[in-house]
Amino acid sequence: MSDDIDVLWINSSHVLQRFDRPLLRYISQYLNVAQWEYCHYQDEGSSIDEVVDLVDEFLGQYSHPIHLAGHGAGGAIALSFARRYPQKVQSLVLLAVASQPANTWHVNYYLQRQVFTMSREQVLASSVRHLFGEQPHNTTKKLMAVLCRDLEQSPLSHSLFKLMELPKGGVSMPMMICASKNDPMDNSRQSIWHLMHICKSFHNG
């Protein structure tokens, strides 16, 4: 593989990579972009630490620090790698990564399952509306299947029983964080967290 890449894009899920393609095609007009993709196999354990080790194995072929970038869970992986191996990262670009890096769309899904009496399918349909807006029925079903597979393949070990967290804070190299003022997932997540605290207070009182 060529040693002259400018940016390594970290992708956390095979099924979500299609949504990154327009941005990567645009960036590729100006920079040499390589894409690293996490692939999870059935009956295989997964953790963010194992994924960071895999990224390190891949970058072993490069003799110079690399610009890292990622979106959502991919950004959380890139951030975790940069913290563990700062000497291997020249700069870091994160898209839609929260102040708590593990707070991806998966957290919003599991919070809704915990708080509301909604089925898996209902919450997936709600997630599609929040992420992609109102869609035709067939498109909604296809996107629900994509999100369902991402839940199964994500290296972030969230579940109905426990939501994982990652260390907060910055990194030693230059970092740019891109976010939206009206991120529907972030707003929804904050509302559900607030509702959970109210329910806990009521139960404890």
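Computed from a predicted model, the values in this text were never measured in an experiment.

The rules behind these values
Residues take numbers from 1 onward in each chain, read along the sequence in its written order. Reporting in this predicted model follows two pLDDT cut-offs: at least 70 for local features of residues, and 80 or more for side-chain atom pairs to be given and counted; totals over whole chains, interfaces and linings ignore these cut-offs and use all residues. Side-chain metrics rest on all non-hydrogen atoms present in the structure, leaving aside hydrogens and water. Both site types are read off a 1 Å grid over the protein atoms alone. A 1.4 Å probe that fits but cannot get out defines a cavity, while an open set with protein on both sides within 12 Å along at least five of seven lines defines a pocket; lining residues have an atom within 4 Å of a point. Grid points are joined across faces, edges and corners, and a volume is the space filled by probe spheres set on the points. The secondary structure listing takes helices from DSSP runs of H or I that are at least 4 residues long and strands from runs of E that are at least 2 residues long, numbered from the N terminus. The nonpolar class holds Ala, Val, Leu, Ile, Met, Phe, Trp, Tyr, Cys and Pro. Asp, Glu, Lys and Arg form the charged class, and all remaining residues, Gly among them, are polar. Any residue under 20% of the maximum accessible area for its type is buried, any over 50% is exposed, and the rest in between are partly exposed; the area is computed with a 1.4 Å probe on protein chains only. By this definition, two strands are paired if DSSP reports at least two bridges between them. Crossover handedness is defined here as right-handed if the route from the first strand over the helix to the second strand goes clockwise, with the strands pointing away from the viewer. The term nonpolar core refers to a set of buried residues drawn from Ala, Val, Leu, Ile, Met, Phe, Trp, Tyr and Cys, joined through side-chain atoms within 4.5 Å. Should any heavy atoms of two residues lie within 4.5 Å, those residues are considered in contact. Here the term patch refers to residues with relative accessible area over 30% and no salt bridge, with like charges joined within 9 Å and nonpolar side chains (Val, Leu, Ile, Met, Phe, Trp, Tyr) within 5 Å. With residues, only the protein chains shown are counted as cover, and all accessible areas are computed by Shrake-Rupley using a 1.4 Å probe. Salt bridges are defined by distance alone: a side-chain nitrogen of Lys or Arg within 4 Å of a carboxyl oxygen of Asp or Glu. For helices, the axis comes from a line fit to the C-alpha atoms of the stretch in contact; other axes are also lines fit to C-alpha atoms, and the angle between any two N-to-C directions lies between 0 and 180 degrees. We call two directions roughly parallel when the angle between them is under 35 degrees, roughly antiparallel when it is over 145, roughly perpendicular when it lies between 65 and 115, and oblique otherwise.

Peer 1: Please give an account of the layout of surface pockets that cites residues and values.
Peer 2: The volume enclosed by the second largest pocket comes to roughly 200 Å³. Taken together, Asp 6, Val 7, Trp 9, Leu 23, Ile 27, Leu 31, His 67, Leu 68, Ala 69, Val 93, Leu 95 and Met 176 form the lining of the second largest pocket. Elements represented by at least two residues in the lining of the second largest pocket include exactly strand S1 (7-11), helix H1 (21-27), strand S3 (66-71) and strand S4 (89-95). The greatest single-element share of the lining of the second largest pocket, amounting to three residues, is contributed by S3. Grouping the amino acids of the lining of the second largest pocket by side-chain chemistry returns 10 nonpolar, one polar and one charged.

Peer 1: Kindly report on the pairing of S1, identifying the contributing residues and their values.
Peer 2: The buried count for S1 comes to five of five residues, which makes it a mostly enclosed element. By the bridge criterion, five bridges tie S1 to strand S2 (residues 33-37) in an arrangement that is parallel. The partner of Asn 11 across the bridge, within S2, is Glu 37. For the segment spanning S1, H1 and S2, crossover handedness is right-handed.

Peer 1: Explain the nonpolar core residue by residue, including any values.
Peer 2: Counting residues in hydrophobic clusters, the biggest one holds 32 residues, and the most contacted among them are Leu 8, Ile 10, Trp 36, Leu 59, Leu 68 and Phe 81. Mapped onto this core, the elements with two or more residues apiece are S1, S2, helix H2 (48-59), S3, helix H3 (73-84) and S4. When residues of this core are assigned to their parent elements, the largest contribution, seven residues, is made by H3. With near-sequence residues (within four places) excluded, Leu 8 lies in contact with Ala 34, Gln 35, Trp 36, Phe 58, Leu 59, Ile 66, His 67, Leu 68 and Ala 69. In this structure, Trp 105, Val 123, Ala 125 and Leu 147 belong to the second largest nonpolar core, which totals 15 residues.

Peer 1: Tell me what's going on with a nonpolar patch on the surface, and back it up with residues and numbers.
Peer 2: Where nonpolar side chains cluster on the molecular surface, the patch consists of Leu 23, Tyr 26, Tyr 30 and Leu 31 and spans about 420 Å² of accessible area. Within the secondary structure, Leu 23 sits in helix H1. Residue classification places Leu 23 among the partly exposed residues on the basis of a relative accessible area of 33%.

Peer 1: Any chance you could break down unusual backbone geometry for me, citing the residues and the numbers?
Peer 2: What is expected of a backbone is that most residues other than glycine have negative phi and most peptide bonds are trans. In this model, Ala 96 sits at a positive phi of 55 degrees, which is unusual for a non-glycine residue. Examined against the element boundaries, Ala 96 turns out to sit in the loop between S4 and helix H4 (105-115). Given the relative accessible area of 38%, Ala 96 is considered partly exposed.

Peer 1: How would you summarise the packing of H2 against H3 if you had to cite specific residues and measurements?
Peer 2: Packing of H2 against H3 brings their axes to within 9 Å, and their N-to-C directions diverge by 70 degrees. Put simply, H2 runs roughly perpendicular to H3. In contact with Ile 48, Asp 49, Val 51, Val 52, Asp 53, Val 55, Asp 56 and Leu 59 of H2, H3 contributes Ile 77, Ser 80, Phe 81 and Arg 84. Of the residues assigned to the contact of H2 with H3, the class counts are seven nonpolar, one polar and four charged.

Peer 1: Break down the sheet that holds strand S5 (residues 175-178) for me, with residues and values.
Peer 2: Overall, parallel pairing links the five strands, which are arranged S2-S1-S3-S4-S5 in an open sheet. In this open sheet, the two edge strands, each paired with only one partner strand, are S2 and S5. Recorded for the sheet is a direction-independent mean angle of 20 degrees between the axes of neighbouring strands. Packing of H2 onto the sheet brings it into contact with S1, S2 and S3, and relative to S2 it is tilted by some 140 degrees. Those strands touched by H3 are S1, S3, S4 and S5, and its axis lies near 155 degrees from that of S4.

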